[in-house]
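# Summary of the model geometry
Single-letter residue listing:
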Amino acid sequence: MRVLICEDSVLLREGLVRLLAHSGHEVVADLPDTSGLMDFLAQADEDAFPQIAILDVRLPPTYTDEGIRAALEVRRNYPQLPLLVLSQYVEERYASELISMQSGSLGYLLKDRVADVTEFIASLEQIASGGTVLDQEVVAQLLTRRNHDDRMQRLTDRERNVLTALAEGKSNQAIAALLFLSEASVEKYITSIFQKLGLEADGTGNRRVLAALAHIETLGTPRTDRTKQ
């Protein structure tokens, strides 16, 4: 798997390069900021074009939203390029903006998750193969934030747990094991969730959850405040 990294921390960037190389993946570019990102993508030939891009939310020079703005630009220009966004803390607005675009596979993880190497590599490979992986903290805050929505109120506690697990990228089998349910019960809960949310089940769990979160997110009044790091 070819990977592009855009991360200002030298230690984290070099750590990711070594980690990925050790896992059998190729880092085609490791950038300290976004200044050369779009040029690299525009000029990369087929053999060097990344199969997934990892971007920090906050990058030089202002360390505010350079990374997320770059991720949004990449999504607009290369909608099928899988993205993994890393953040020090949950940034609800940023997560919502990416989710609402509803194109291409996506991951949004807290940087702490990188410490669990096996899980991090598994998440990266899942995103690159077309899946969606949202950090459980991101999911929890988004769902809590839209908790007042009438359709969310229709969900039972068990359905909320299933929806959260789905949004984290877990398979039906994993959800069944996590919640001590049968796979048949999990499938019934998923069907019920999307009926209550007014979304048709299309057989692609990650996509459906991504659409559901986006749909829920766009219903409320947008917030202008940002969580500070």
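Residues numbered from 1 in each chain as written. Predicted model: local features only at pLDDT ≥ 70, side-chain atom pairs only at ≥ 80, totals over all residues. Heavy atoms only, no water.

## Overview of the packing of helix 8 (residues 157-167) against helix 10 (residues 183-196)
Running from amino to carboxyl end, helix 8 crosses helix 10 at an angle of 95°, the nearest separation of the two axes being 10 Å. With respect to their mutual orientation, helix 8 and helix 10 come out roughly perpendicular. Together, Arg-158, Glu-159, Val-162, Leu-163 and Leu-166 of helix 8 and Tyr-189, Ile-190, Ser-192, Ile-193 and Lys-196 of helix 10 make up the contact between the two elements. (Axes fitted to C-alpha atoms, helices over the stretch in contact; angles between N-to-C directions. Helix = DSSP H or I, 4+ residues; strand = E, 2+ residues; numbered from the N terminus. Parallel < 35°, antiparallel > 145°, perpendicular 65-115°, else oblique. Contact = heavy atoms within 4.5 Å.)

## Description of the pairing of strand 1 (residues 2-6)
One face of the sheet, then the other: side chains in a regular strand alternate in exactly this way. Counting buried residues in strand 1 gives four out of five residues, a clear majority hidden from the surface. Relative to strand 2 (residues 26-31), strand 1 is paired through five bridges, and the arrangement is parallel. Bridge pairing in strand 2 links Val-3 to Val-27. Note that the unit made of strand 1, helix 1 (residues 10-22) and strand 2 has a crossover that is right-handed. The sheet contact formed by strand 1 and strand 3 (residues 52-56) spans four bridges and is parallel. Of the residues in strand 3, the one forming a bridge with Ile-5 is Ile-54. (Buried < 20%, exposed > 50% of the residue type's maximum accessible area, 1.4 Å probe, protein only. Pairing = 2+ DSSP bridges. Right-handed = clockwise from strand over helix to strand, strands pointing away.)

## Looking at the pattern of salt bridges
Side chains bearing opposite charge may pair, as long as their charged atoms lie close to each other. Within this structure, the stated rule accounts for six salt bridges. Measuring nitrogen to oxygen at the nearest pair gives 3.8 Å for the salt bridge that ties Arg-13 to Asp-30. Here Arg-13 is found in helix 1, whereas its partner Asp-30 is found in strand 2, with 17 residues between them in sequence. Of the residues examined, Arg-13 reaches a relative accessible area of 11% and is grouped as buried. Here Arg-113 ties to Asp-135 by a salt bridge, and the two come within 2.6 Å at their closest N and O atoms. Taken together, the positions of Arg-113 in the loop between strand 5 (106-110) and helix 5 (117-128) and Asp-135 in the loop between strand 6 (132-134) and helix 6 (136-145) put the pair 22 residues apart, joining distant regions of the chain. With a relative accessible area of 2%, Asp-135 lands in the buried category. Several salt bridges converge on common partners, so that one network encompasses Glu-7, Asp-56 and Lys-111. (Salt bridge = Lys/Arg side-chain N within 4 Å of Asp/Glu carboxyl O.)

## A word on the pairing of strand 3
Most of strand 3 is tucked away: five of the five residues are buried. Here strand 3 shows no split at all, with Ile-52, Ile-54 and Asp-56 on one side and Ala-53 and Leu-55 on the other all buried.

## Focus on the packing of aromatic side chains
Inspection of the entire model under this criterion finds one aromatic pair. Geometrically, the ring pair formed by Phe-49 and Tyr-78 is tilted, given 5.6 Å between the ring centres and 50° between the ring planes. With Phe-49 in the loop between helix 2 (37-43) and strand 3 and Tyr-78 in the loop between helix 3 (66-77) and strand 4 (83-87), the pair connects residues that are 29 residues apart, well separated along the chain. (Phe/Tyr/Trp six-rings, centres within 6.5 Å; stacked < 30°, edge-to-face > 60°.)

## Things to note about unusual backbone geometry
Following Pro-60, the chain continues to Pro-61 via a peptide bond in cis, the omega torsion being 5°. A positive phi angle is found at Tyr-63, which is not glycine, with a value near 60°. Along the polypeptide, Tyr-63 turns up in the loop between strand 3 and helix 3. Tyr-63 gets classed as partly exposed once you look at its relative accessible area, which sits at 43%.

## Remarks on the confidence of the model for the chain
Any residue range with low pLDDT should be treated as having predicted coordinates unsuitable for detailed reading. Across the chain, the average pLDDT comes to 83, with 81% of residues at 70 or higher. Between the elements of the chain, mean pLDDT differs from a low of 60, seen in helix 11 (residues 205-217), to a high of 97, seen in strand 1. Below pLDDT 50 for its whole length, residues 219-229 participates in 21 contacts with residues either more than four positions away or in separate chains. (pLDDT = per-residue confidence, 0-100.)

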